[in-house]
Amino acid sequence: MIKILRFIYLIFFAYLGSYLVPVKVNADTINGLAFCMDGMYELFTFLESEFNEFSKNNNLNITLSINLLLNINSTSSLTSYGDTADSLLKKNSNKYDIFFYDSLYTQDYEPYLLDFSKYIPKESIEKYNQDILNQLCKYNNRLVGFPARIGYNVLYSNKYLLDKYHKDPPKTWDELISTSKYIIEEEKKENNTNIVAYNGLYNGKLYINKYSIFVFSI
């Protein structure tokens, strides 16, 4: 397990711009597992190619191989990835050395992950945004991950329906709920019974229409 930490140590040092120290890693290939939404695969292929180039230039003789599970259906694929990662971790499987996981799973995965604060120098950890680490990567006072990417979430509002009923885009979930309830009731009076208040997991292929009031983009 320590050999994996040394590998990760090298990855993060490479991207933090710190000085690297030679370490011995007793592995030819490091295997990673990641769930990939549309357009996100470039992040993982970039990490893979950059580290492998770094490894080659520094004679590390280590290859990083990231297995990407693509989203054919975003909801079912995300659930499948969560089940797969959960099963592998609980079984202490050696199939994968590194897991790229959503921070929503930090609490669930924490018991099965290493505490990086015990192995990575404090000065290297401090180069990350501490608010992000504390909120997304720590649980039970253990640092069990580092952010590979930080995404932005967007709520799309149906301007036609909001203007029609003189409503403003919601700023809170309570406002979203109350506005949705009001519009749905009013639309039912016009026999529009197919309207959906909230459409989650928008993946870039859907578009907002008269049947959706709000659409959430991940």
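Above this text is the structure in question.
Residues numbered from 1 in each chain as written. Predicted model: local features only at pLDDT ≥ 70, side-chain atom pairs only at ≥ 80, totals over all residues. Heavy atoms only, no water.

**Observations regarding the side chain of Glu187**
Line of reasoning, step 1. Its place among the elements puts Glu187 in helix 8 (residues 173-188).
Line of reasoning, step 2. Of the polar contacts made by the side chain of Glu187, one reaches the side chain of Tyr165; its length is 2.5 Å.
Line of reasoning, step 3. Ignoring anything within four residues of it in the chain, the contact list for Glu187 reads Leu161, Lys164, Tyr165, Asn192 and Ile195. (Helix = DSSP H or I, 4+ residues; strand = E, 2+ residues; numbered from the N terminus. Polar contact = N/O pair within 3.5 Å; in protein donor to acceptor, adjacent residues only side chain to side chain. Contact = heavy atoms within 4.5 Å.)

**Quick word on the side chain of Asn192**
Line of reasoning, step 1. Structurally, Asn192 can be placed in the loop between helix 8 and strand 7 (196-202).
Line of reasoning, step 2. Residue classification places Asn192 among the buried positions, given a relative accessible area of 11%.
Line of reasoning, step 3. A polar atom in the side chain of Asn192 sits 2.8 Å from the side chain of Glu187. (Buried < 20%, exposed > 50% of the residue type's maximum accessible area, 1.4 Å probe, protein only.)

**A few points about helix 8**
Line of reasoning, step 1. Between its first and last C-alpha, helix 8 extends 22 Å over 16 residues, near the 22 Å set by a 1.5 Å rise per residue.
Line of reasoning, step 2. Restricting attention to buried positions, one finds in helix 8 the residues Leu176, Thr179, Ser180, Ile183, Ile184, Glu186 and Glu187. Down the axis of helix 8, the buried side of the element spans an arc of 165 degrees, and every buried residue falls inside it. Along helix 8, exposed side chains directed more than 90 degrees from the buried face belong to Asp174 and Lys181. (Expected span 1.5 Å × (residues − 1). Arc of directions from axis to C-beta.)

**Notes on the environment of Gln135**
Line of reasoning, step 1. Looking at the secondary structure, you find Gln135 in helix 6 (residues 130-137).
Line of reasoning, step 2. Residue Gln135 is classed as exposed on the basis of its relative accessible area, which comes to 63%.
Line of reasoning, step 3. For the pair Gln135 and Ser103, spaced 32 residues apart in sequence, the C-alpha separation works out to 8.9 Å.

**Quick look at the packing of aromatic side chains**
Line of reasoning, step 1. Per the stated rule, a full pass over the model turns up nine aromatic pairs.
Line of reasoning, step 2. Summarising the aromatic geometry, the rings of Phe116 and Phe146 are spaced 5.3 Å apart at their centres and angled 40 degrees between planes, so their arrangement reads as tilted. Of the two residues, Phe116 is situated in the loop between helix 4 (106-109) and helix 5 (122-125) and Phe146 in the loop between strand 5 (142-143) and strand 6 (154-157); the sequence distance between them amounts to 30 residues.
Line of reasoning, step 3. Phe146 gets classed as buried once you look at its relative accessible area, which sits at 13%.
Line of reasoning, step 4. A centroid spacing of 5.8 Å and a plane angle of 75 degrees characterise the contact between Trp173 and Tyr198, whose relative ring orientation is edge-to-face. Of this pair, Trp173 sits in helix 8 while Tyr198 sits in strand 7, and the two are 25 residues apart along the sequence.
Line of reasoning, step 5. The rings of Tyr101, Tyr105 and Tyr109 are connected pair by pair, giving a single aromatic cluster. (Phe/Tyr/Trp six-rings, centres within 6.5 Å; stacked < 30°, edge-to-face > 60°.)

**A few points about the nonpolar core**
Line of reasoning, step 1. Ranked by size, the top nonpolar core spans 12 residues in total: Ile30, Ala34, Cys36, Phe44, Leu47, Phe51, Phe54, Ile62, Leu64, Ile66, Ile98 and Phe100.
Line of reasoning, step 2. Of all elements in the fold, only strand 1 (29-36), helix 2 (41-57), strand 2 (63-70) and strand 3 (98-100) reach the threshold of two or more residues within this core.
Line of reasoning, step 3. Apart from the residues lying within four places of it in its own chain, the contact partners of Ile66 are Gly32, Ala34, Phe44, Glu48 and Phe100.
Line of reasoning, step 4. Among the nonpolar cores identified, the runner-up in size contains 10 residues, and Tyr165, Leu176, Ile195 and Phe214 belong to it. (Core = buried A, V, L, I, M, F, W, Y, C linked by side-chain atoms within 4.5 Å.)

**With respect to the pattern of salt bridges**
Line of reasoning, step 1. Summed over the entire model, instances satisfying the criterion amount to eight salt bridges.
Line of reasoning, step 2. For Glu190, the salt bridge goes to Lys164, with nearest N and O atoms at 2.9 Å. Here Lys164 lies in helix 7 (residues 159-164) and Glu190 lies in the loop between helix 8 and strand 7, a separation of 26 residues in the sequence.
Line of reasoning, step 3. For Glu190, a relative accessible area of 48% gives the class partly exposed.
Line of reasoning, step 4. Using a relative accessible area of 29% as the deciding quantity, one classes Lys164 as partly exposed.
Line of reasoning, step 5. Each of Lys164, Glu187 and Glu190 takes part in one network of salt bridges that share partners. (Salt bridge = Lys/Arg side-chain N within 4 Å of Asp/Glu carboxyl O.)

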